[in-house]
Amino acid sequence: MTTEETRVGYIRGAFTPLADATIPVMDRGFLFGDGVYEVTAVIEGRLVDDGPHLTRLARSLNEIGITNPYPAEKWTQLEEEIVRRNKLQNGLIYIQVTRGVAERAFKYADKLEPTVVIFPQFSPVQYSPLTKTGASIITLPDLRWARCDIKSTSLLAQVLAKHAASQAGVAEAWMTRGETITEGASSTAYIVTQAGDLVTRALSHETLPGITRQTILQIAHQRALNVIERPFTRKEVFDAAEVFYTSASTIAIPVVEMDGTPVGSGKPGPVFDALYDAYMQAVMTLPVIIF
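A few points on the structure. Numbers given to residues run from 1 along each chain, matching the order in which its sequence is written. In view of the model being predicted, local features appear only for residues whose pLDDT reaches at least 70, and side-chain atom pairs are presented and counted only at 80 or more, with totals across whole chains, interfaces and linings using the full set of residues. Here the side-chain values reflect all heavy atoms present in the structure, with hydrogen atoms and water set aside.

Right, let's get into the overall build of the chain. Going along the chain from the N terminus, every DSSP run of H or I of four or more residues is numbered as a helix, and every run of E of two or more is numbered as a strand. Across its full length, the chain carries eight helices and 16 strands. Relative to a compact globule of 291 residues, whose C-alpha radius of gyration would be 19 Å, the chain shows 19 Å and is just as compact. Seen along its three principal axes, the alpha-carbon backbone of the chain occupies a region of about 55 × 45 × 35 Å. For the chain, the residues scored as buried account for 51% of the 291 residues in total. Accessible area of the chain: about 13500 Å², with a carbon and sulfur share of 55%. Charge convention: Lys and Arg are scored as positive, Asp and Glu as negative, and His as well as the terminal groups of each chain are ignored. Charge positions come from single atoms, namely NZ of Lys, CZ of Arg, CG of Asp or CD of Glu. One way to put it: in the chain the 27 positive side-chain charges average out to a point 3 Å from where the 32 negative ones average out. For this measure, only C-alpha atoms enter the radius of gyration; the expected value for a globule follows 2.2 Å times N^0.38, where N is the number of residues. Note on classification: 1.4 Å probe, protein chains only; a residue is buried when its accessible area is under 20% of the maximum for its type, exposed when over 50%, partly exposed between these limits. Values of accessible area rely on a 1.4 Å probe in the Shrake-Rupley scheme; residue burial ignores everything except the protein chains shown.

Let us look at the sheet that holds strand S4 (residues 46-47). A strand pair is defined by DSSP finding two or more bridges across the two strands. With respect to topology, six strands assemble into an open sheet ordered S2-S1-S6-S5-S3-S4, the strand pairing being antiparallel. Edge positions in the sheet fall to strand S2 (14-17) and S4, since each of these pairs with one other strand and no more. Contact between two residues is taken to exist if any of their heavy atoms lie within 4.5 Å; hydrogens are not considered. Note on geometry: axes are C-alpha line fits, over the in-contact stretch for helices, and angles between N-to-C directions span 0 to 180 degrees. Across the sheet, helix H2 (residues 50-63) touches strand S3 (35-43), S4 and strand S5 (91-98), and the angle it forms with S3 is around 175°. Docked against the sheet, helix H3 (residues 72-86) engages strand S1 (8-11), S2, S3, S4, S5 and strand S6 (115-122), running at close to 40° with respect to S6.

Using only the protein atoms, space was sampled on a 1 Å grid; points where a 1.4 Å probe fits but cannot get out form cavities, open sets with protein on both sides within 12 Å along at least five of seven lines form pockets, and lining residues are those with an atom within 4 Å of a point. Grid points are joined across faces, edges and corners, and a volume is the space filled by probe spheres set on the points. If you add up the space inside the largest pocket, you get close to 790 Å³. Along the wall of the largest pocket there are 44 residues; nearest its centre are Tyr-37, Lys-151, Ala-185, Ser-186 and Ser-187. Those elements that provide at least two residues to the lining of the largest pocket are S3, H2, S5, helix H5 (156-168), strand S9 (180-184), helix H6 (211-222) and strand S14 (242-247). Under this grouping Gly is polar, as are all residues other than the nonpolar Ala, Val, Leu, Ile, Met, Phe, Trp, Tyr, Cys and Pro and the charged Asp, Glu, Lys and Arg. Partitioning the lining of the largest pocket into residue classes produces 20 nonpolar, 17 polar and seven charged.

Any two side chains of opposite charge can pair, on the condition that their charged atoms come close. Salt bridges are identified by distance alone: a Lys or Arg side-chain nitrogen within 4 Å of an Asp or Glu carboxyl oxygen. Under the defined criterion, the tally for this structure stands at 20 salt bridges. The closest approach of N and O atoms between Arg-144 and Asp-142, which form a salt bridge, is 2.7 Å. Of the two residues, Arg-144 and Asp-142, both sit in the buried class. For Glu-206, the salt bridge identified is with Arg-201, shortest N-O distance 2.6 Å. The class for Arg-201 is buried, based on a relative accessible area of 12%. It is possible to trace a salt-bridge network through shared partners that takes in Asp-142, Arg-144, Arg-177, Glu-183, Arg-201 and Glu-206.

On the secondary structure map, Arg-99 appears in the loop between S5 and S6. A distance of 2.9 Å separates a polar atom in the side chain of Arg-99 from the backbone oxygen of Ile-64. When near neighbours in sequence (up to four residues on either side) are disregarded, Arg-99 contacts Arg-28, Asp-34, Ile-64, Gly-65, Ile-66, Tyr-108, Leu-112, Glu-113 and Pro-114. In the analysis that follows, any N or O atom pair within 3.5 Å is treated as a polar contact, provided that within protein one partner can donate a hydrogen and the other can accept it, and provided that, for residues neighboring in sequence, both atoms belong to side chains.

Our next topic: the packing of H6 against helix H8 (residues 270-283). To describe two helices that pack against each other, one gives the angle between their axes and the distance between the axes. Between H6 and H8, whose axes approach to 10 Å, the crossing angle comes to 110°. Classified by the angle their axes make, H6 and H8 are roughly perpendicular. Contact residues: Thr-212, Thr-215, Ile-216, Ile-219 and Ala-220 in H6; Leu-275, Ala-278 and Tyr-279 in H8. In these notes the angle categories are as follows: under 35 degrees is roughly parallel, over 145 is roughly antiparallel, 65 to 115 is roughly perpendicular, and the rest is oblique.

Of note in the backbone geometry, Lys-87 takes a positive phi value of approximately 50° without being a glycine. With respect to the secondary-structure elements, Lys-87 resides in the loop between H3 and S5. Although it is not a glycine, Lys-111 adopts a positive phi angle of roughly 65°. Looking at the secondary structure, you find Lys-111 in the loop between S5 and S6.

For H6, spanning 12 residues, the distance from its first C-alpha to its last is 17 Å, which sits close to the expected 16 Å at 1.5 Å a residue. Buried within H6 we find Ile-211, Thr-212, Arg-213, Thr-215, Ile-216, Leu-217, Ile-219 and Ala-220. Directly after H6, the chain includes Ala-224, whose backbone phi takes a positive value near 65°. The span expected for a helix works out to 1.5 Å for each residue beyond the first.

Dropping the structure here:
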């Protein structure tokens, strides 16, 4: 059985045991965080939302001027081979693409060969106990750069936020600008108002265009929920009927406490439950990768 110690990745054009993999010191991803990444969940042998994830990868690469090394079909083939070689039933597949290898300098030559790394993580994301109990979160000032819509490998602000959440003993940190919530350190934030409206921020340079967000909103529209895309404040979180967040690595998690104060009813609400169940039902209709 493949484990974290024996897993296989795709490193610079070849499938390689991660324990043996190397990246040049002069790779711009290592030196500058000059690259982007994408992550796709694998649930019961199924690639979840893979097409939209690869579309976002292509957009991120284009936004920072890195040529996409592969067409979408090739990326999917590589991901499927990662699933097979690692017998990955449940987990995550990370794709990281850097600008490439060159002598350390802020300016870079055009047409560098991008460095591609793909690796799996074993994580049964659909079995989080927090979907039943709810999560506690904290809020922190949003310290990120001005292009949060690009899924950059430069994640220092998020690393610090996640560490602060861990130190506080909570599951996630939601970032704020003034009293307004932007998004989670690695998630999209939502509230359900007392009137039953599902509220999340509209897409802009201040937020990552979440792929799980995209699917959850499609499901919400199908269920005739009133979806409003706008900013919301910390006060609105405390006044909300329900609060939750989504990401590829968690699917969706209800929030029952923020900054030490209870929110919602103190347990997962009916809107969250309905959206989560519908999402999982849709996942189960996807094709299974045969090992």
